[in-house]
Amino acid sequence: SGNSSSLTRSDVFISSSSSSCWFKRDHAAANDSFATLLFHGLLTQLDDQYSRFAQENNFLLQHNIRKSKRNLQDHFQEDPVQMAMIISNCLKEEQKILTSAQTLDQNEVSSTQNNLILGRQKEMNEKVKKVKNKVQDVEQDIKTLEDIQDEYDFKCKTLQSREHEPSGKALKEVKQEQMIIQNMFLTLQLRRKEVVTKIADLLNITEQTQVALITEELVDWKRRQQIACIGGPPNACLDQLQNWFTVIAESLQQVRQQIKKLEELEQKLTYNQDPVTQHKCFLRERTNTLFKQLIQSSFVVERQPCMPTHPQRPLVLKTGVQFTVKLRLLVKLQELNYQLQVKALFDKDVNEKNTVKGFRKFNILGTNTKVMNMEESTNGSLAAEFRHLQLKEQKNAGSRTNEGPLIVTEELHSLSFVTELCQPNLVIDIETTSLPIVVISNVSQLPSGWASILWYNMLTNEPKNLSFFLNPPTARWTQLSDVLSWQFSSVTKRGLNVDQLNMLGEKLLSQSAANVDGLIPWTRFCKENLNDKSFSFWLWIEGILELIKKYLLSLWNDGWVMGFVSKDRERTLLKDQTPGTFLLRFSESSREGAITFTWVERSQNDEPQFHAVEPYTKKELSAVTFPDIIRNYKVMAAENIPENPLKFLFPDIPKDHAFGKYYSRPKEPSEPMDVDDSKTGGYIKTELISVSEVHPSRLQAPENLLPMSPEEYAEVTRALSPAEIDSMLNTAAYSS
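Each chain has its residues counted from 1, running along the sequence as written. Local features in a predicted model are, by the rule used here, given only for residues with pLDDT of at least 70; side-chain atom pairs are given and counted only at 80 or more, and totals for whole chains, interfaces and linings are based on all residues. Water and hydrogen atoms were dropped before computing side-chain values, which therefore reflect all heavy atoms in the structure.

Before going further, it helps to spend a moment on the pairing of strand β12 (residues 426-433). For strand β11 (residues 415-423) and β12, the ladder comprises eight bridges, and the chain directions are antiparallel. Residue pairing for β12: L421 is matched across the bridge by I428. Paired strands, in this sense, are two strands between which DSSP finds at least two bridges. Helix and strand definitions here come from DSSP, where helices need a minimum of 4 consecutive H or I residues and strands a minimum of 2 consecutive E residues; each element is numbered from the N-terminal end. Between β11 and β12, which pair antiparallel one after the other, the connecting turn spans two residues, and N425 there sits at a positive phi close to 65°.

Here it is, written out as structure tokens:
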């Protein structure tokens, strides 16, 4: 319980030479009266518990309660502060243990995930290595087969030359040679069959490895790329995938040469039921098919389309503004360098152009062709980067109507890239597509366009579902909470903690997000006004992100801004704290983003009183830094000089300890000069501070409000006009 007030403030100039009076108070564990109150409250609760056990005839627990109360009285009756300090230290140690355990759990989860990833990588390495080794085995077998066939051919020709010798001895030797040649032929048949079988087995193993590579590893990388695009953890490097793809491609190229070698051997020697003759076409076609699939799958968008002016908001492109995109072929073969010319196409084969009413059409401006090469990339990969592309909308006859089912920022488009690989007896059409993009015509549409990119990539990995927003699916809070945290961690050093996310979840779900993994519609996230406000949830978050990036980055990174905390939670946190304890939170009523602070005081009857200052927007923060506002903030009461009520940042951090390093430093006085500058008319240096004018009854008890000395009154007259002082005094007199 307790009273609360919201204070308006006026920003006034006072002389920079004025001094501030700082008060330091110990935390609750060092407050004798507060500790005594809590101690007697504990004894009262023990008496109540003793009475309940007496009614239940539970003599054992009665004895324990009575003994506990006696022990507490013996040790702490005269010094309850000592007990308060012991409890405070125990709670702090408990918090350390819990924090350590949570960190350990997180590390264990991360370690488990890393072990799984490393295990998969090791397994894939073994598969790829197995393919490579089998190719080498076949290579050796073909060389052996070639040697056997050469020897067989030589002996056959030698035998033919000796068949015309008339002597009986020669005839006997000829028959022996014929037996040897017959055995060699049988060996040759067996070896040919073995080689053909080994190649078929090799292609089976290659296909299995290639399928795993394309449908598992590559798909996982593309999903990680989606997550990275919307602020999630950085995507893994493509070099490992490139190594695997390249080894498989080199192996298939080698198999193609091996089949060609078998065909050459077949031309020199063939026979009925020759396995090479029977299976060469099948082996050739299967090898080419696998190679084609591998090449087509290896063509990826390494870096998604992005405007250089907004590097953390990829996939949102503005007409007339240049954007970049980078392509990569994961098969790094030297013979492909400068052989692939890539062309960029917009909305290629997109059905929505004809099926969705009002669907906009665009042309690509700039050089839309690029040759892939290994020289432009720092890591030597086979890549092509488009750096100067722009989009221009095709203007149809008449103006665009708004009758279509999709608004501009829900309309998804795609950027396609095509090329062709030509090799002897093999032509491969290669194509890849970017993730869906949103095209805007005004920078004010960027936040809503980014919301669409977040929603799409959070909920689907389909690359060309451009009708997604005709019927957008709902999101689970567990999904959305991660994405919201990423929006902060991607532009600062801190994401959102559990308490901050719970507050946001309650705003979206109208219930505790900690207990319910509710479903959140797209309209609730981005299109509907937030409660009684005139803006949506996402636009509110967007305004706060901009405020942090421009004015609060250091404070946020260091963890001093609690930020997302409801008013009820705020009171719960502050009510038992030392008077003057404050916390920083974001305003819930400002679309552009605003921050305020709330502090607690004590009334005459020791009830907590909460005070919140009028939120500060970018207008005020662009003039004075927020730490300086906190340092110089004053509350003006009629009977008192201006006083700064902010003493401790929640829970008990002295204000100067938290914000001291951010305070503006006074400028060094200029060196005296011999030049007479009396004619220039010097000015008294000033600084902007915030002052809230309140009646004394809204702050501390009257006995804490001291009368002004003449010097103090002079200081006030420098800060306020006579009319403002008279108004305050009249108000005070009227109230009393």
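Having seen the model, we can carry on.
Here three strands make up an open sheet; going across it, the order is β4-β13-β10 and the pairing mixed. Two strands close off the open sheet at either side, each with one partner strand: β4 (316-318) and β10 (412-413). Pairing of β4 with strand β13 (residues 437-440), which is carried by three bridges, proceeds in the parallel orientation. Pairing of V316 across the sheet is with V438, part of β13. Where helix α8 (residues 446-459) meets the sheet, its contacts fall on β4, β10 and β13, and the angle it forms with β13 comes to roughly 170°. Any two residues having at least one pair of non-hydrogen atoms within 4.5 Å are treated as being in contact. Fitted lines through C-alpha atoms give the axes, limited to the stretch in contact for helices. The angle between two N-to-C directions lies from 0 to 180 degrees.

Here we take up the side chain of Q242. Relative to the assigned elements, Q242 resides in helix α5 (residues 239-268). A polar contact of 2.9 Å, which involves the side chain of Q242, links it to the side chain of R328. When near neighbours in sequence (up to four residues on either side) are disregarded, Q242 contacts R328, L329, L330, K332 and S381. Distance and chemistry together define a polar contact, namely a pair of N or O atoms within 3.5 Å, with one atom able to donate a hydrogen and the other to accept it when in protein, and with adjacent residues in sequence counting only for side-chain atoms on both sides.

Taken in spatial order, the four strands line up as β3-β5-β9-β7 in an open sheet, and their pairing is antiparallel. At either margin of the open sheet sits one strand with a lone partner, and together these are β3 (299-306) and β7 (362-365). Adjacent strand axes in the sheet meet at a mean angle of 30° when their direction is disregarded. Packed on one face of the sheet, helix α6 (residues 275-298) meets β3 and β5 (323-329) and runs near 15° to β3.

In plain words, nonpolar cores are sets of buried Ala, Val, Leu, Ile, Met, Phe, Trp, Tyr and Cys residues tied together by side-chain atoms within 4.5 Å. Only protein chains enter the area calculation, which uses a 1.4 Å probe; residues under 20% of their type maximum are buried, those over 50% are exposed, and those in between are partly exposed. Counting residues in each nonpolar core, the largest one holds 161 residues, and the members touching the most others are F525, F564, F597, F626 and F659. In terms of residues, this core owes the most to one element, helix α4 (residues 168-229), which gives 18 residues. Here F525 is in contact with A451, W455, L480, L484, L508, I520, S536, F537 and W538, once residues within four sequence places are set aside. Ranked by size, the runner-up nonpolar core spans eight residues in total, among them F39, F53, I65 and F76.

This paragraph deals with helix α13 (residues 567-574). Buried within α13 are the following residues: E570, L573 and L574. The buried residues of α13 occupy one face: seen down the axis, they fall within an arc of 90°. Against the buried residues of α13 lie β16 (581-586), β17 (595-602) and β18 (608-613). When we speak of the arc, we mean the arc of directions from the helix axis to the C-beta atoms.

What follows is about the packing of α5 against α6. When two helices pack together, their arrangement is given by the angle between the helix axes and by the axis-to-axis distance. With their axes 10 Å apart at the nearest point, α5 and α6 run at an angle of 160° to one another. Judged by the angle between their axes, α5 and α6 are roughly antiparallel. At the point where α5 passes α6, the crossing takes the left-handed sense. Residue-level inspection shows F245, I248, A249, L252, Q253, V255, R256, I259, L262, E263 and E266 of α5 in contact with α6, the latter providing V276, T277, K280, L283, R284, T287, N288, L290, F291, L294, S297 and S298. As a working rule, the residues Ala, Val, Leu, Ile, Met, Phe, Trp, Tyr, Cys and Pro are called nonpolar, Asp, Glu, Lys and Arg charged, and the rest polar, with Gly in that last group. Among the residues forming the contact of α5 with α6, the class breakdown is twelve nonpolar, six polar and five charged. Oblique is the label for any angle not under 35 degrees, not over 145, and not in the 65 to 115 range, which are roughly parallel, roughly antiparallel and roughly perpendicular in turn. Take the far helix as the reference: if the near one is turned anticlockwise from it by less than a right angle, the crossing is left-handed, and if turned clockwise, right-handed.

Before going further, it helps to spend a moment on unusual backbone geometry. Cis geometry is found at the peptide bond from F650 to P651, where omega equals 5°. With respect to the helices and strands, the residue P651 is situated in the loop between β20 (648-649) and β21 (653-654). If you check the backbone angles, N57 has positive phi at about 55° while not being a glycine. Using a relative accessible area of 52% as the deciding quantity, one classes N57 as exposed. Even without being glycine, D349 reaches a positive phi, approximately 55°. Turning to its location among the elements, D349 is positioned in the loop between β6 (341-346) and α7 (352-355).

Of all the six residues making up β16, six are buried; the element is thus mostly covered by neighbouring parts of the structure. The alternating pattern of β16 places T581, L583 and R585 and F582, L584 and F586 on opposite faces, both of which are buried. Summarising the sheet, β16 and β17 pair through five bridges and their orientation is antiparallel. Note on β17: the bridge partner recorded for R585 is T596.

We now examine the packing of aromatic side chains. Pairing of aromatic rings covers Phe, Tyr and the six-membered ring of Trp, with a centre-to-centre limit of 6.5 Å; geometry is then stacked below 30 degrees between planes, edge-to-face above 60, and tilted otherwise. Scanning the entire structure with this criterion turns up 25 aromatic pairs. When the centroid spacing of 5.9 Å and the interplanar angle of 35° are considered together, the rings of Y152 and F185 count as tilted. In this pair, Y152 is assigned in helix α3 (residues 80-162) and F185 in helix α4, connecting sequence segments 33 residues apart. The pair Y152 / F185 is uniform in exposure class, with both members buried. On the numbers, 5.9 Å between centres and 65° between planes, the contact of Y616 with F626 is edge-to-face. Of this pair, Y616 sits in the loop between β18 and α14 (618-621) while F626 sits in helix α15 (residues 626-632), placing them ten residues apart in sequence. Each member of the pair Y616 and F626 is classed as buried.

For the rest of this paragraph, the subject is α8. Expected helix span is given by 1.5 Å per residue-to-residue step, counting one fewer step than there are residues. Taking 1.5 Å per residue, 14 residues should reach 20 Å; α8 reaches 20 Å between its end C-alpha atoms and fits that length. α8 sits mainly inside the fold: twelve of its 14 residues count as buried. For α8, the complete set of buried residues consists of L446, P447, G449, W450, A451, S452, I453, L454, W455, Y456, N457 and M458.

This next bit is on the pattern of salt bridges. The salt bridge criterion pairs a side-chain nitrogen of Lys or Arg with a carboxyl oxygen of Asp or Glu, the two atoms within 4 Å. Throughout the structure, instances matching the rule amount to 33 salt bridges. We note a salt bridge from R284 to E263, for which the minimum N-O separation is 2.3 Å. A residue pair is termed long-range when its members are at least 10 positions apart, and R284 in helix α6 and E263 in helix α5 qualify at 21 residues. Exposure remark for R284: the relative accessible area of 31% places this residue in the partly exposed category. Among the salt bridges present, the one from K550 reaches E546, with a minimum N-O distance of 4.0 Å. With K550 and E546 both in helix α12 (residues 537-557) and four residues apart, this pair spans about one turn of that helix. Overall, the relative accessible area of 58% leaves K550 in the exposed class. A relative accessible area of 28% means that E546 is categorised as partly exposed. Each of R303, K370, E376, E385 and R387 takes part in salt bridges that share partners, so that together they form one network.

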